[in-house]
Amino acid sequence: MTIQTPLRKEIRDFVLTTITDSMNLPLDLDEIDDESPLGSTGIDLDSLSLIELSLRLETRFGVRFPETDIEPVGAMTLGGLVDDVIARGAAA
């Protein structure tokens, strides 16, 4: 079980809000958890959506996603992405 820190919760909420509100992708948030894959077997973000989400995370949390990291992001789970953003030095 992952400890839910304030930063972790803020990043997770930002990701879900960005996907549902800013990117207009419908999600049943009751069915999404930290183990939900971001790619086609879960949340179903395509490559353009992954790029947009990465850019928004860069802007909001001051992290960098080189172009070579976009494809691996698509293979992550929601929780994995949150952990990755934290590992990249996210600032609230």
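Worth saying up front: this structure is predicted, and the values here are computed from it rather than measured.

## Points about the side chain of Arg12
Link 1 in the chain: Here Arg12 is to be found in helix H1 (residues 6-22).
Link 2 in the chain: Arg12 gets classed as buried once you look at its relative accessible area, which sits at 15%.
Link 3 in the chain: Contacts of Arg12, omitting those with residues within four sequence positions, involve Gln4, Ile32, Asp33, Asp34, Leu78 and Val82.

## Regarding the environment of Phe65
Link 1 in the chain: With respect to the helices and strands, Phe65 occurs in the loop between helix H2 (47-61) and helix H3 (70-74).
Link 2 in the chain: Residues within four places of Phe65 in sequence aside, it is in contact with Ser54, Leu57, Glu58, Ile70, Val73, Leu81, Asp84, Val85 and Arg88.

## Let's talk about the packing of H1 against helix H4 (residues 78-87)
Link 1 in the chain: Viewed as axis vectors pointing N to C, H1 and H4 meet at an angle of 120 degrees, and their least axial separation amounts to 10 Å. Classified by the interaxial angle, the pair formed by H1 and H4 is oblique. Where H1 crosses over H4, the handedness of that crossing is right-handed. Between H1, through Leu7, Arg8, Ile11, Arg12, Val15 and Leu16, and H4, the contact on the second element is made entirely by Leu78, Gly79, Leu81, Val82, Asp83, Val85 and Ile86.
Link 2 in the chain: Grouping the constituent residues of the contact of H1 with H4 by class yields nine nonpolar, one polar and three charged.

## A closer look at the packing of H1 against H2
Link 1 in the chain: One way to put it is that H1 packs onto H2 with a least axis distance of 11 Å and a crossing angle of 135 degrees. Looking at the two axes, H1 sits oblique to H2. Both H1 and H2 take part in a crossing whose hand is right-handed. Across the interface between the two elements, Leu7, Glu10, Ile11, Phe14, Val15, Thr18, Ile19 and Ser22 of H1 pack against Leu53, Arg56, Leu57, Arg60 and Phe61 of H2.
Link 2 in the chain: Looking at the contact of H1 with H2 residue by residue, the class counts come to eight nonpolar, two polar and three charged.

## Observations regarding the confidence of the model for the protein
Link 1 in the chain: Of the residues in the protein, 98% have a pLDDT of 70 or more, and the chain-wide mean is 93.
Link 2 in the chain: Per-element confidence in the protein is highest for H4, whose mean pLDDT is 97, and lowest for H3, whose mean pLDDT is 91.

## A look at the nonpolar core
Link 1 in the chain: Membership of the largest hydrophobic core comes to 23 residues, with the highest contact counts inside it found for Leu57, Leu81 and Val85.
Link 2 in the chain: Contributions of two or more residues to this core are made by H1, H2, H3 and H4.

Reading guide: rules and limits
Residues numbered from 1 in each chain as written. Predicted model: local features only at pLDDT ≥ 70, side-chain atom pairs only at ≥ 80, totals over all residues. Heavy atoms only, no water. Helix = DSSP H or I, 4+ residues; strand = E, 2+ residues; numbered from the N terminus. Buried < 20%, exposed > 50% of the residue type's maximum accessible area, 1.4 Å probe, protein only. Contact = heavy atoms within 4.5 Å. Axes fitted to C-alpha atoms, helices over the stretch in contact; angles between N-to-C directions. Parallel < 35°, antiparallel > 145°, perpendicular 65-115°, else oblique. Left-handed = near helix turned anticlockwise from the far one by under 90°. Nonpolar A, V, L, I, M, F, W, Y, C, P; charged D, E, K, R; others polar. pLDDT = per-residue confidence, 0-100. Core = buried A, V, L, I, M, F, W, Y, C linked by side-chain atoms within 4.5 Å.

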